[in-house]
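# Report on the structure
So the chains spell out like this:
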Amino acid sequence: MVKLTDAEFAFLEALSEAQGVSKQAVLMRAVLTGGTDAAARYEQLLEALSRARFQLATVANNVNQLAFQANSFARGSNEPVSEDDVRAVMREVRSMIDRVDAIAGRIGGEDDR
């Protein structure tokens, strides 16, 4: 059992609402991550990773489309893959690598490259 003052309970409710999780989840994250600031940072990192995952799926889809088009061309149908298309997808891949590196740096406190 955890006893809180009215002000502490109000703060806990505000954190819970802002993070979109239960009060119990806020307390558990605070305990497991070293405090409410760390718990909030943890939530931000989870959101950043979720957005990066979605963007990575989009990039992977673009790579698959280029591969399909290249394979179709090799079999004698479809148009060849243009250099501009490949360069555009490579920019997306590099951007995703940079984004994941930035998130990893926020987690570890430094760049691991």
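Parameters and conventions
- Residues numbered from 1 in each chain as written.
- Predicted model: local features only at pLDDT ≥ 70, side-chain atom pairs only at ≥ 80, totals over all residues.
- Heavy atoms only, no water.
- Patch = residues over 30% accessible without salt bridge, like charges linked within 9 Å, V, L, I, M, F, W, Y side chains within 5 Å.
- Areas by Shrake-Rupley, 256 points an atom, 1.4 Å probe, with all protein chains shown as cover.
- Salt bridge = Lys/Arg side-chain N within 4 Å of Asp/Glu carboxyl O.
- Helix = DSSP H or I, 4+ residues; strand = E, 2+ residues; numbered from the N terminus.
- Buried < 20%, exposed > 50% of the residue type's maximum accessible area, 1.4 Å probe, protein only.
- Expected span 1.5 Å × (residues − 1).
- Arc of directions from axis to C-beta.
- Core = buried A, V, L, I, M, F, W, Y, C linked by side-chain atoms within 4.5 Å.
- Contact = heavy atoms within 4.5 Å.
- pLDDT = per-residue confidence, 0-100.

### So, a nonpolar patch on the surface
- A cluster of nonpolar side chains, contributed by V2, L4, F9 and L27, occupies part of the molecular surface with about 320 Å² of accessible area.
- Inspection of the secondary structure assignment puts L4 in the segment before α1 (6-19).
- Here L4 falls in the partly exposed class, since its relative accessible area comes to 35%.

### Description of α1
- The end-to-end C-alpha separation of α1 is 20 Å, in line with the 20 Å expected for 14 residues at 1.5 Å each.
- Of the positions making up α1, those classed as buried are L12, L15, S16 and Q19. End-on, the buried residues of α1 take up no more than an arc of 100 degrees, which puts them together on one face. Those residues of α1 that are exposed and aimed more than 90 degrees away from the buried face are D6, A7, E17 and A18.

### Quick notes on the nonpolar core
- In terms of nonpolar packing, the biggest core is built from six residues, these being L45, A48, A52, V59, M96 and I103.
- The set of elements that each furnish at least two residues to this core consists of α3 (36-74) and α4 (83-108).
- At four residues, the largest contribution of residues to this core is made by α3.
- Discounting chain neighbours no more than four positions away, the residues touching M96 are A52, Q55, L56 and V59.

### Section: the confidence of the model for the chain
- When pLDDT is averaged across the chain, the result is 82; 92% of the residues are at 70 or more.
- Confidence, read as mean pLDDT per element, is least for helix α2 (residues 23-33) in the chain (82) and greatest for α1 (88).

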